[in-house]
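# Secondary and tertiary structure notes
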Amino acid sequence: MKVKCIDEQHENDLTMVINEFIKDKKVIDIKFSNACFKNNDEQIYCFSALILYEE
């Protein structure tokens with residue numbers, strides 16, 4: 001089993017990257033997480049996934 005961490009600022013970007021990564025892999029599980037924080041007056045989002053897979 002292998003693991004891949006992916007992190008994007010937009011959930012649509014995360015979806016595209018995940019789909020591209022898993023297209024030729026046997027996925028065991030995908031864990032999803034999101035976070036939001038404020039930097040000065042800017043709100044920053046972080047969408048991440050942990051993919052457990054076999055090649």
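Just above, that's the structure.
So, a few notes on the structure that sits alongside this text. (Residues numbered from 1 in each chain as written. Predicted model: local features only at pLDDT ≥ 70, side-chain atom pairs only at ≥ 80, totals over all residues. Heavy atoms only, no water.)

### Brief notes about the pattern of salt bridges
Think of it this way: side chains of opposite charge can pair up when their charged atoms draw near. What counts is decided by this rule: When a carboxyl oxygen of Asp or Glu lies within 4 Å of a side-chain nitrogen of Lys or Arg, that pair is called a salt bridge. Exposed residues in this analysis have more than 50% of their type's maximum accessible area, buried residues have under 20%, and partly exposed residues fall in between, with area computed by a 1.4 Å probe over protein chains only.
In this structure the tally under the stated criterion is 5 salt bridges. Between Lys23 and Glu20 there is a salt bridge whose closest N-O contact spans 2.7 Å. For the salt bridge of Lys31 with Asp29, the shortest nitrogen-to-oxygen distance reads 2.8 Å. The partly exposed category is assigned to Lys31, whose relative accessible area is 46%. Judged by relative accessible area, Asp29 falls into the partly exposed class, the value being 28%.

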